[in-house]
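# Residue-level structural notes
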Amino acid sequence: MMWERTISSRIFDAINIALLALTALVMLLPFVYVIAVSFSSYTEFMRSEFMLIPKKWVLDAYEFIFVSDSFVRSLIVTVEITVLGTFVNLAFTATLAYVLSRPVIGQRIVLFLVLFTMLFSAGMIPTYLVVKATGLLNSIWAVILPVAIAPFNLIVMRQFFTTIPGELHEAAYIDGANDWQTFWKIVLPLSKPALAAFGLFYAVGHWNNYFSAILYLNDPAQWPIQVILRQIVVVNEAQTTLANGQILLEHAPPAETIQMAAIIVATAPILVVYPFLQKHFAKGVMLGSIKG
Amino acid sequence: MATVEAYPESPAPVPAKATGWRRLKSRLWKDRYLILLGLPGVAYFLVYKYAPMFGLYLAFIDFNPFQGIFGSPWVGMQHFARIFEDREIILVLWNTLVISFLQIVFAFPVPIIMALMLNELRSELYKRIVQSIVYLPHFLSWVVVVGICVIFLRSEGLINVFLRETFGWEPIPFLTNPAYFKPLIVLQVIWKESGWGTIIFLAALAGVNPHLYEAAVVDGAGRFRRMWHITLPAIRSTIVILLILRLGHVLDSGFEHIFLMLNPFNMDTQNVLDTFVYFKGIQQSDYSFATAVGLFKGVVGLVLVAAANYTAKKFGEEGVY
Amino acid sequence: MKLKKHLAVGLIVTLATAAGCSAGKTEEKPPEAQGGQGTTNQGNANDNEKYTITMIDYRYGALPPQDGKGIQMINEKFNVDFKPQYVVRSDYLQKLSAVVASGEIPDIIVMEAPDANFYKWAKQGAFLPLDEFMDQYETFKLIPEHVRKAVTVNGKIYAIQKYLTETYGLTPMIRVDWLEKLNLKMPTNYDELKQVAIAFTKNDPDGNGKDDTYGMAMAENINPQYAMGAYWDLEAWYHKDSEGQLIPGFISEARKQHIQWLADLYKEGAITKDFALMNWTQVNTKEFYAGKAGIFIGTPRGMNPTWMQALVDVNPNAKLAPIPPFKAPDGSQGFITSPGYYGIVMLSAKLKDNPGKVKRILEMIDFGRKFYPIEQRNASNKDFDWLNGYEGQGYKIENGSVRRESEEKGLAPLNYLPDSRMWAPSDEANGYSKEYTVPLLRDVAAQFEKMHTEIKHYVNPVNMVYSETRAAKDSELSKFLYTEQTKMIFGEKPVSDWDKMVEEWKSKGGAQVIKEVNDALKEIGYSGPQWK
């Protein structure tokens, strides 16, 4: 019996590993293409259909991006926004999600109202007017507060909280803890995977954001990285579509290499952060929390 | 515990309303910490989600930024009528629903399966590496993804050139034959978003008690059995919630993605709602029309979500609300 | 004697006092401008008030910083506190809408073209009418009457239009080295062009023994259209229908034949095979400038030096030349004009109670539009030097051409002014070809310039009028026609379906567009085809 189980188990593992490897490969290849193009010279790019390894490695596209002062500044600004923003996101979301996971008065109504905002939104202009009325224009809070909670994240995080066993709450109650203490001392520590997952979602959201920055922030010095990168990409597009009336941009590498470099630059920091979050997705978080 | 007595040791009778109010007050008092804790979140929704909803009024006016929201002329249902003025709208809605349906059936389960597979890996290192790779496609823009597809699939693209030179085949019109359109769209979505989609399920799986697995092994359950009886149920409620939420967006179809894949050859038959609205010559600032379409989508989504939520509860699941 | 002396003294004193008084006045007024060779002109302002001026403008690409040197220079020179806001073009309309909807209209608004918003807002009184100022400023006077019509609403002019060459459109260009290799002559009609395109496809014009070339490069939306004259141009309202109404070239009989011609070429493999799937950049970088196609388009200004250099790297013997327009069946010969402007500057109507500020703004605009002949585009002309941020700082001269610092450093007033495009007295006066450094590019651009001076151009009447339906439905209608005509070129739809296509176009709103355009032309007294 043990022997059979081991064999079938091993076959299962082998197939699993192989399938995942194949999947990873398929998902990796286009990214390799992007990297290759970003490091290639424009002549090579123009002459090749599809490349995985450039014949000649050039840094032109990256130079073009990094040379602009606004780029470095925007990098710092983006880190600020992402860190501050994600913290605000988690604070607002986790609290409300927890509240709604308990049999609190008005639970169902509030949940419905939250869901409602996922389906109906008044759009850019009314939101702009409200942001203006609350005095946030031209401050960093304009890109943080109006998106403090993503309804989707709230609803799913709330659902995660409901999976925490009732015995824990009772045990805490018996020990004399109130809701706040239960939340802070018991529920939150047990919810690290959820916090890591949604923290990641929120962080990536901030990192990739450009539109609200353009809309609410007039001073280019406050703009995050995606806005700067968008400028870089757009200028090259313009050169190609509008032959008339544009100031010539000499010596600019063609759009594609820069676009690809922009993608790599924008994605790399997240790749760096992710491994630190992954450990929270390991199994056994609940281990030992319930006695016996 | 106190025994119930037939005659009053209890307080004098009190009118029903007052009792209700008393109950409410005591309930509020009991929940006071929770209420306080939830206040910031609720305040957020009130200010930044509900206050702007006055702007839904936009759908009923001919909005002009210069005249402002309340200065622009009222047009009633004109914008909604405009959505339905072309017979094409029927085809367009059909396409949108079919693509959504295909995505729910084929694309929705993939992150779940992938998460389960990742969960079964014994090597933590291998797991982390694969995880990091599979979420990369999420960061590529649709412009890049479709661009790569075109390089491979066009009639002079890599695949057709290979087929021609190796087997002497005629080029396969992957991109111009409308029959390939929807499958391609779904495959592209699977490729791009499945990896990122595993994150939620992995987070859910992290909360499963490993003791349960150990007990199952002792009981003689094989890998599949364990997955079926322990792992899946653990994430079942998450799956249900995500499915219900997905239904709310049934009329959304990834504008940029579809827009990039449309061309003169499939345009007639594969248009979806978002691109249809766009091609109706919408100036970028025709917010009234956009708001009307949004309202329409929202109503449809709401109906579906309410129905799905009700059904889920009937099956003993926890709904969204 | 004494009387005369007294008179003389009196006269001298009077004169002296008069001179002193006017000198005093002149001291209050800054010195007048001295013609083209500029002394620094501080404008004709009678007041010393420092105005705060707000502006919203778009940019393709790099945006100048809020605290750039260029702004300081402007503030100094014009005595203003200039507060411009710049937005990346792709998001401009949304930001503009939000800002306007919130009730804060900047003093100066810049747009790319008069779209439906421009007309709506003009009619609703958002902009200041500028008629009275058109003759007061040198550079405004230069805008031709027929060009001004495009921004005239209800008889009033609401915008200052920015310069665009009238004749320098995108017109076909050919690989002369390939012609020479195959012993062919520059084509002068469509039959010859067809033969050349097919020869390029089948006869190995680059002589490398490989079957890797073809005739004409084309991108999605049948772009370039390869119209060899206004007669065939889809944008030109040149032909008339059976009722004598002008119609767009897009649905004309001439276009129908042209599409058939393209379909024949496509069958021969002489056009980019997957053109319907390729965007403009791809066709440029991967097809023509990679040396695969022999015929494309060019223009004196705005060709990409990086791409041209790539072509030279791949085909060092490449030679290019423009293809002159063909003679049409009705005897006409020549390409169409451009609208004659690109970009418009409006002033907020709220300024009507502040004529001093209006004057200051107009001075700023006028100053940026000043023309400098080629020999004066350097530090010897003080105004040019100022505008470009001083030699050595904002720009430098390399091999006789001006090399400007990147816009995002914001070192020059040119980066900030509402209109810093000089209005040239003639297209050639710009000297665009001289600004290029790649020799092949310089050469072919010069050839284009020369060709445009030698040919005629049809003034496209549709640029003079506004049609509401056209503004609302043009993209939808055009998309429809592009789709149908692409299918015809591919051979999926027979060209004989043309009339059905036109009928459907008309019923979708095209008929209304024809009516509105023709009615509007009658209203402004359009007299008939003009050629320049």
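The structure displayed is predicted, hence computed values, not measured ones.

This next bit is on the overall build of chain B. Each helix and strand counted, chain B has 15 helices and zero strands in total. A compact globule built from 321 residues should have a C-alpha radius of gyration of about 20 Å, whereas chain B, at 27 Å, is more than 25% larger. Its C-alpha atoms give chain B principal-axis dimensions of about 100 × 70 × 30 Å. In chain B, of all internal contacts separated by at least 6 residues, the share reaching a separation of at least 24 is 68%.

Moving on: the sheet that holds strand S8 (residues 214-216) of chain C. Paired through backbone hydrogen bonds, the strands of a sheet run either parallel or antiparallel to each other. Residue and element names in this part refer to chain C. With mixed pairing, four strands are arranged side by side in an open sheet as S8-S9-S7-S10. Strand pairing shows two members of the sheet lacking a second neighbour, S8 and strand S10 (320-322), which therefore form its edges. The mean inter-strand angle of the sheet, taken between neighbouring strand axes irrespective of direction, is 30°. The sheet contact formed by S8 and strand S9 (residues 293-298) spans two bridges and is parallel.

All names here are of chain C. In spatial order, the strands read S2-S1-S3-S12-S6; together these five strands make up an open sheet with mixed pairing. Whereas interior strands pair on both sides, the edge strands pair on one side only; in this sheet they are strand S2 (80-88) and strand S6 (160-163). Taken pair by pair, the neighbouring strands of this sheet meet at an average axis angle of 20°, ignoring direction. Alignment of S6 against strand S12 (residues 341-347), held across three bridges, turns out to be antiparallel. The residue of S12 that forms the bridge with Gln 161 is Ile 344.

Here the focus is the interface of chain B and chain A. With 70 residues of chain B at the interface, the matching set in chain A holds 79 residues. Looking at which element gives the most residues to the side of chain B that touches chain A, the answer is helix H2 (residues 32-50) of chain B, with twelve residues.

Moving on, we come to the interface of chain B and chain C. By a widely used convention, the size of an interface equals the accessible area lost when the partners come together. Listed by partner, the interface residues are 21 residues for chain B and 27 residues for chain C. Here the residues of the side of chain B that touches chain C sort into nine nonpolar, nine polar and three charged.

Topologically, B:Ser288 is positioned in helix H15 (residues 287-314). When the C-alpha positions of B:Ser288 and B:His79 are compared, they lie 7.4 Å apart, and in sequence the two are 209 residues distant.

The next point concerns the domain arrangement of chain C. Residue and element names in this part refer to chain C. Split into domains, chain C comes out as domain 1 (51-164 + 340-430) and domain 2 (171-336 + 434-523). Relative placement of domain 1 and domain 2: their C-alpha centres are 32 Å apart. Counted by class, the side of domain 1 that touches domain 2 contains four nonpolar, three polar and four charged residues.

With their axes 8 Å apart at the nearest point, helix H4 (residues 69-101) of chain A and H2(B) run at an angle of 125° to one another. On the basis of their axis angle, the class for H4(A) and H2(B) is oblique. Crossing hand, H4(A) versus H2(B): left-handed. The segment H4(A) lies against H2(B), with A:Phe92, A:Thr95, A:Leu96, A:Tyr98 and A:Val99 engaging B:Leu34, B:Leu37, B:Gly38, B:Pro40, B:Gly41, B:Val42 and B:Tyr44. Classifying every residue of the contact of H4(A) with H2(B) gives nine nonpolar, three polar and no charged.

Residue and element names in this part refer to chain A. The contact between H4 and helix H10 (residues 192-208) brings their axes to 9 Å, and the two run at 140°. Taken together, the axes of H4 and H10 are oblique relative to one another. The handedness of the crossing between H4 and H10 is right-handed. Side by side, H4 and H10 meet where Thr 78, Ile 81, Thr 82, Gly 85, Thr 86, Asn 89, Leu 90, Thr 93 and Ala 94 of the first sit next to Leu 195, Phe 198, Gly 199, Tyr 202, Ala 203, His 206 and Trp 207 of the second. Each residue belonging to the contact of H4 with H10 can be placed in one class, and the counts come to eight nonpolar, eight polar and no charged.

Glancing now at the pairing of strand S3 (residues 108-111) of chain C. All names here are of chain C. With burial as the criterion, each face of S3 is covered, one bearing Ile 108 and Val 110 and the other bearing Ile 109 and Met 111. Sheet topology note: the strand S1 (residues 51-59)/S3 ladder contains two bridges and is parallel. Bridge pairing in S3 places Met 55 opposite Ile 108.

Okay, unusual backbone geometry next. Omega for the peptide link from C:Asn223 to C:Pro224 comes to 0°, which places this bond in the cis form. On the secondary structure map, C:Pro224 appears in the loop between S8 and helix H9 (253-267). The phi angle at A:Asn138 is positive, at roughly 65°, despite the residue not being glycine. Following the sequence through the fold, A:Asn138 ends up in the loop between helix H6 (124-133) and helix H7 (151-162). By C-beta crowding, A:Asn138 is classed as partly exposed, having 13 other C-beta atoms within 10 Å. Although it is not a glycine, C:Asn79 sits at a positive phi angle of roughly 55°. Within the fold, C:Asn79 resides in the loop between helix H2 (69-78) and S2.

Procedures and definitions
- Each chain carries its own residue numbering, running from 1 in the direction its sequence is written.
- The naming scheme follows written order: chains are lettered A onward, ligands numbered 1 onward.
- Totals for whole chains, interfaces and linings use every residue, but because this is a predicted model, local features are given only for residues with pLDDT of at least 70 and side-chain atom pairs only at 80 or more, for both listing and counting.
- Segments assigned H or I by DSSP are reported as helices when at least four residues long, segments assigned E as strands when at least two residues long, and all are numbered from the N terminus.
- Atoms counted for the radius of gyration: C-alpha only. Globule rule: 2.2 Å times the number of residues to the power 0.38.
- Any residue pair is listed as a contact if its two C-beta atoms, each placed from the backbone, are within 7 Å.
- Only strands that DSSP links by at least two bridges are regarded as paired with each other.
- Axes here refer to lines fitted to C-alpha atoms; in helices the fit is confined to the stretch in contact. Angles between the N-to-C directions go from 0 to 180 degrees.
- Side-chain classes follow a simple rule in which Ala, Val, Leu, Ile, Met, Phe, Trp, Tyr, Cys and Pro form the nonpolar group, Asp, Glu, Lys and Arg form the charged group, and the remainder, Gly included, forms the polar group.
- Boundaries of every domain are those given by an automatic assignment or by a domain database.
- Should an angle fall under 35 degrees it is taken as roughly parallel, and over 145 as roughly antiparallel, whereas 65 to 115 is taken as roughly perpendicular and any remaining angle as oblique.
- For any pair of crossing helices, the crossing counts as left-handed if the nearer helix is rotated counterclockwise from the farther one by less than a right angle, and right-handed if it is rotated clockwise.
- Labels follow a simple rule on C-beta atoms placed from the backbone: if 20 or more others lie within 10 Å of a residue's own, it is buried; if 12 or fewer, it is exposed; otherwise it is partly exposed.

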